[in-house]
Amino acid sequence: MFSTVAVDGEVRRWEDLHLRDFAQGFFFGAGFFTTFRIQAGEPWFLARHLRRLRSSLAAFPGAVRAPPPEHLTEAAVREATARCLHADAAMGPAFRGVGKLSASDGRVLLTFREHAPDLERLHREGRALDSEEPGAYRRGESTLNHKGLAYFRQYSVMERLPLLGNEAGEVCELPTANVFFQCDGALITPPLSAPCLPGIIREVLLEAGHVGTLPIVERPVSFAQLAQVSACVFTNSAQVATGVPSLLGRALPTSVALARSIRSVVEDIAARER
């Protein structure tokens, strides 16, 4: 992570921050966050990220001390991002990486990090998914629709990256990523009630409605149905879309190409929404 950060829009140094100013979030995890991709200094889908973050804060008004609303406007966060990038020569105004907004203790903390070192390889080769946890969630469990609360539930299995499912034997999501399966002539992603996180890339794709000739639909996917899947992709804001060349031991050779097509669709939409 880079040392230059912003607190309520003010450019600061990470090493100069005081723990006492973030005690609610640090000691009790009482807060929410969102991570967004930055390309050439421009945040992708920032309005969408802020809308989701404000929605989570509003859902738990007695548990999390929300920051003043003026610090969670698109204009305020864009300005804070630009200030930080110009202030830090290691990033610069053409920065490519990931921004993170954390809201707790009545403050907004904006931090930055580089893309993961294996991002290009993941885009080129994909990542196999070889484990599952079918009963990890309960159907309709609404806390898992909020970024922050879901992270706590997923933390212990993030490195293994299993397919997380509910008690009904349905796929929900991956730790920190939504999943899409090519099956029955469509690209299918589990519904929010599965439950899963309302991922920003997921939302963008559902609104787009299709990738090439494949319609994108939201409906339950059982673990038993995975035997009929012909391709699989997982999505999040940092990686955008990553192909799954092998799903639970079964080769899916077209997944990487499908992920490439999805990234192209998302890039076009991101350019229009700047």
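**Q** Whenever I open this one, helix 6 (residues 200-208) confuses me. Can you help?
**A** Side chains that are three or four residues apart share a direction in an α-helix, a result of its 3.6 residues per turn. For helix 6, every residue scored as buried is listed here: Ile-200, Ile-201, Arg-202, Val-204 and Leu-205. Following helix 6 by one or two positions, Gly-209 has its phi on the positive side, about 90°.

**Q** What is the right way to look at the pairing of strand 3 (residues 32-39) in this model?
**A** Side-chain direction in a regular strand flips from residue to residue, so the side chains alternate between the two faces of the sheet. Counting buried positions over the 8 residues of strand 3 gives 8, a clear majority of the element. The pairing of strand 3 with strand 5 (residues 97-104) spans 7 bridges and is classified as antiparallel. Opposite Thr-35, over in strand 5, you have Lys-100 as the bridge partner. Sheet topology places strand 3 next to strand 4 (residues 42-43); 2 bridges connect them, and they run antiparallel. When the bridges of strand 4 are listed, Gln-39 appears paired with Glu-42. Counting the residues that bridge the hairpin from strand 3 to strand 4 gives 2 residues, and of these Ala-40 lies at a positive phi of roughly 50°.

**Q** Even after reading the chapter, I still don't get the sheet that holds strand 8 (residues 163-166), so can you show me in this structure?
**A** Backbone hydrogen bonds hold the strands of a sheet together, and the pairing may be parallel or antiparallel. The mixed open sheet is built from 3 strands, whose spatial order is 7-8-9. Edge positions in the sheet fall to strand 7 (132-137) and strand 9 (171-173), since each has one partner strand and no second. Each strand axis lies, on average, 50° off the axis of its neighbour in the sheet, ignoring direction. Across 3 bridges, strand 7 lies against strand 8 in parallel orientation. Across the sheet, Glu-133 pairs through a bridge with Leu-164, a residue of strand 8.

**Q** It is not clear to me how the layout of surface pockets should be interpreted in this structure. Could you clarify?
**A** Empty space among the atoms becomes visible once a probe the size of a water molecule is rolled across them. Volume-wise, the largest pocket comes out at about 1000 Å³. Arg-113, Thr-176, Asn-236, Ala-238 and Gln-239 are the residues nearest the centre of the largest pocket, which is lined by 42 residues in total. Put simply, the parts of the chain that give the lining of the largest pocket at least two residues each are strand 3, strand 5, strand 6 (107-113), helix 4 (119-125), helix 5 (149-154), helix 6 and strand 14 (231-236). Tallied by class, residues from the lining of the largest pocket come to 18 nonpolar, 14 polar and 10 charged. Roughly 640 Å³ of internal volume is contained in the second largest pocket. Of all the secondary-structure elements, those providing two or more residues to the lining of the second largest pocket are helix 1 (23-28), strand 3, strand 5, strand 6 and helix 5. When residues of the lining of the second largest pocket are assigned to their parent elements, the largest contribution, 4 residues, is made by strand 5.

**Q** What is the right way to look at the pattern of salt bridges in this model?
**A** As a working rule, side chains carrying opposite charge can pair if their charged atoms are close by. Summed over all chains, the structure comprises 17 salt bridges. Glu-79 is paired through a salt bridge with Arg-83; the nearest N and O atoms lie 2.5 Å apart. Placement of the pair is Glu-79 and Arg-83 together in helix 3 (residues 74-87), with a separation of 4 residues, close to one helical turn. Taking the relative accessible area as the measure of exposure, Arg-83 reaches 41% and is therefore partly exposed. As a salt-bridge pair, Glu-218 and Arg-202 come within 2.4 Å of each other at their nearest N and O atoms. Of the two residues, Glu-218 sits in strand 13 (residues 214-218) while Arg-202 sits in helix 6, which places them 16 residues apart along the sequence.

**Q** Help me understand the environment of Gln-24 in this model?
**A** In this structure, Gln-24 sits in helix 1. Between the alpha carbons of Gln-24 and Thr-189 there is a distance of 35 Å; along the sequence they are 165 residues apart. If sequence neighbours within four positions are ignored, Gln-24 has contacts with Gly-29, Ala-30, Ala-63, Val-64, Arg-65, Ser-104 and Asp-105.

**Q** What is the right way to look at unusual backbone geometry in this model?
**A** With the exception of glycine, the majority of residues adopt a negative phi angle, and the majority of peptide bonds are in the trans configuration. The peptide bond linking Ala-194 to Pro-195 adopts the cis configuration, its omega dihedral lying at 5°. Checked against the element boundaries, Pro-195 lands in the loop between strand 11 (186-189) and helix 6. The phi torsion at Asp-8 lies on the positive side, around 50°, for a residue other than glycine. Along the chain, the position of Asp-8 falls in the loop between strand 1 (4-7) and strand 2 (10-13). The phi angle at Leu-248 is positive, at roughly 50°, despite the residue not being glycine. Mapped onto the fold, Leu-248 is located in the loop between strand 16 (246-247) and strand 17 (250-251).

**Q** It is not clear to me how the packing of helix 2 (residues 46-59) against helix 6 should be interpreted in this structure. Could you clarify?
**A** Packed helix pairs are characterised by how far apart their axes lie and by the angle those axes make with each other. Running from N to C, helix 2 and helix 6 cross one another at 115°; their axes reach a closest spacing of 10 Å. Crossing handedness for the pair helix 2 and helix 6: right-handed. Across the interface between the two elements, Arg-48, His-49, Arg-51 and Arg-52 from helix 2 touch Ile-200, Glu-203, Val-204 and Glu-207 from helix 6. Its residues assigned to classes, the contact of helix 2 with helix 6 comprises 2 nonpolar, 1 polar and 5 charged.

Parameters at a glance
Residues numbered from 1 in each chain as written. Predicted model: local features only at pLDDT ≥ 70, side-chain atom pairs only at ≥ 80, totals over all residues. Heavy atoms only, no water. Buried < 20%, exposed > 50% of the residue type's maximum accessible area, 1.4 Å probe, protein only. Helix = DSSP H or I, 4+ residues; strand = E, 2+ residues; numbered from the N terminus. Pairing = 2+ DSSP bridges. Axes fitted to C-alpha atoms, helices over the stretch in contact; angles between N-to-C directions. 1 Å grid on protein atoms, 1.4 Å probe; cavity = no way out; pocket = protein on both sides within 12 Å on 5 of 7 lines; lining within 4 Å. Points joined across faces, edges and corners; volume = space filled by probe spheres on them. Nonpolar A, V, L, I, M, F, W, Y, C, P; charged D, E, K, R; others polar. Salt bridge = Lys/Arg side-chain N within 4 Å of Asp/Glu carboxyl O. Contact = heavy atoms within 4.5 Å. Left-handed = near helix turned anticlockwise from the far one by under 90°.

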